[in-house]
Structure formats: structure tokens, C-alpha cells
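In case you want the letters, here they are:
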Amino acid sequence: MFYWWFMFVSVMLIPAVLFLFGKFFSKDVPMGINAFCGYRTKRSMKNENTWVFANKYWGKLAAKLAVLSAVITARAMALVYNGDESAVTAAASIVAAIQVVLLIISVILTEKALKSTFDKEGNPIGKI
């Protein structure tokens, strides 16, 4: 039983951290373009406009995906609540892989939004 709780808490940390960062970035964009904190890609770091847009967009998206991830995680782990260690490990591994995929999806969608909102030099296309 301890092992299940340990694994449950471990795999729930990813959605929790993703949600907290998502909420933070959607409201308080990291000050100035930097290489240490924030949504950092070549496209997002073009200028201040792309930086603010990317961090806010990713933050909102990450918070939503974190909730989805938490629901998937809780349901999957509930299925192996009384299972043996190998079943719990397998479920936690699958859940962790799904969480990584959701994180990659958040990056892909943010880059797509940046590409449709800004040109290659970081200038807005139309109205932001």
C-alpha cells in the first residue's frame, strides 16, 4: 500500500508543478527575455512581444493540460490501487509517458500559435 501511495504522489507531482507554472506564467510573465526562466525557444525569444505572448499562451495551455493530466493520472492509478508492485510500476510508467506527451503537445501548440501570430522576425501579423 505504501508503494502505491509513493508512486501516486510521484506521478501527481508533474501535473501539480505544470499547473503552478502554468498559472504563474499566464499571469506574471518572467521579467525580460532571459535564458533561465520562462518559455524559452528561438521563436519566443525574438523580442518582448513574442516573449510575453509565448509565456502567457503556454501558461494558459499548461494549466489546462495539467488538469487533464491529473485526471488521467488519478484514474489510471486508481485502477491499480490494490495491485502488486509491478502493476503499479507499469501504470505509473505509462502515466508518466502520457504526461511527457502532453508537455510536448503544449510546446508544439505554443510554437504553432507563435508562428501564426508573428512573422519570422517577431513582428505581429495583424492584431495581437
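Figured I'd write up the structure that's included with this text.

Helix α3 (residues 85-117) packs onto helix α2 (residues 48-79) with a crossing angle of 155° between their chain directions and a minimal axis gap of 9 Å. It follows from the interaxial angle that α2 and α3 lie roughly antiparallel. The two elements α2 and α3 cross, and the hand of that crossing is right-handed.

Turning our attention to the pattern of salt bridges. Taken as a whole and assessed by the stated rule, the structure comprises one salt bridge. The shortest N-O distance in the salt bridge between E111 and R43 comes to 3.7 Å. Remark: R43 occurs in the loop between α1 (2-27) and α2 and E111 occurs in helix α3; sequence separation between them is 68 residues.

Attention now moves to the packing of aromatic side chains. The final tally for this structure, using the stated rule, is 11 aromatic pairs. Look at F21 and F25: their rings are 5.9 Å apart centre to centre, the planes differ by 55°, and that puts the pair in the tilted class. Taken together, the residues F21 and F25, both in helix α1 and four residues apart, mark about one turn of the helix. Looking at F21, the relative accessible area reads 43%, which means it is partly exposed.

Further remarks concern the packing of α1 against α3. Axis separation between α1 and α3 bottoms out at 10 Å; the angle between their running directions is 5°. Accordingly, the angle class assigned to the pair α1 and α3 is roughly parallel. Touching Y3, W4, M7, V11, I14, P15 and L18 of α1 are E85, V88, T89, A92, V95, Q99 and L103, all from α3. Residues of the contact of α1 with α3, tallied by class, amount to 11 nonpolar, two polar and one charged.

Secondary-structure assignment places S69 in helix α2. Taking the relative accessible area as the measure of exposure, S69 reaches 4% and is therefore buried. For S69, the residues in contact, after removing those within four places along its chain, are P15, Q99 and L102.

A few words now on a nonpolar patch on the surface. A surface patch of nonpolar side chains, amounting to about 510 Å² of accessible area, comprises M1, W5, V9, L13 and Y81. If you trace the backbone, Y81 turns up in the loop between α2 and α3. Given a relative accessible area of 34%, Y81 falls into the partly exposed group.

Let us look at the side chain of T50. Relative to the elements of secondary structure, T50 occurs in helix α2. A relative accessible area of 1% means that T50 is categorised as buried. Polar contacts involving the side chain of T50 include one to the main-chain carbonyl oxygen of S44, which spans 3.0 Å. A distance of 3.4 Å separates the side chain of T50 from the backbone nitrogen of K46, its partner in a polar contact. Once residues lying within four places of it in the same chain are set aside, the contact partners of T50 are R43, S44, M45, L114, F118 and G122.

The rules we used
Sequence order as written defines the numbering, with residues in each chain counted from 1. Given that the model is predicted, a residue must reach a pLDDT of at least 70 before its local features are reported, and side-chain atom pairs must reach 80 or more before they are shown or counted; all residues, however, enter totals for whole chains, interfaces and linings. As a rule here, side-chain values cover all heavy atoms of the structure and leave hydrogens and water aside. In this analysis, axes come from line fits to C-alpha atoms, helices being fitted only over the stretch in contact, and the angle between any two N-to-C directions falls in the range 0 to 180 degrees. Elements are defined by DSSP. Helices are runs of H or I of four residues or more, strands are runs of E of two residues or more, and each kind is numbered from the N terminus. In these notes the angle categories are as follows: under 35 degrees is roughly parallel, over 145 is roughly antiparallel, 65 to 115 is roughly perpendicular, and the rest is oblique. Should the near helix be turned counterclockwise from the far one by less than a right angle, the crossing is left-handed, whereas a clockwise turn marks it as right-handed. In the sections that follow, a salt bridge refers to a side-chain nitrogen of Lys or Arg positioned within 4 Å of a carboxyl oxygen of Asp or Glu. Here is the rule: rings of Phe, Tyr and Trp (six-membered ring for Trp) pair when centre to centre is within 6.5 Å. Planes less than 30 degrees apart are stacked, more than 60 are edge-to-face, and the remainder are tilted. Categorising residues by exposure relies on relative accessible area from a 1.4 Å probe, with only protein chains included: less than 20% of the type maximum marks a residue as buried, more than 50% marks it as exposed, and the intermediate range marks it as partly exposed. The contact rule is simple, with two residues in contact once any of their heavy atoms fall within 4.5 Å. As a working rule, the residues Ala, Val, Leu, Ile, Met, Phe, Trp, Tyr, Cys and Pro are called nonpolar, Asp, Glu, Lys and Arg charged, and the rest polar, with Gly in that last group. Any residue with relative accessible area above 30% and no salt bridge may belong to a patch, with like charges joined within 9 Å and the nonpolar Val, Leu, Ile, Met, Phe, Trp and Tyr side chains within 5 Å. To be clear on the numbers: accessible area is Shrake-Rupley with a 1.4 Å probe, and residue cover counts the displayed protein chains and nothing else. Definition of a polar contact: a pair of N or O atoms within 3.5 Å, with one able to donate and the other able to accept a hydrogen when the atoms are protein atoms, and with sequence-neighbouring residues admitted only if both atoms are side-chain atoms.

The analysis is restricted to geometry; functional conclusions fall outside its scope.
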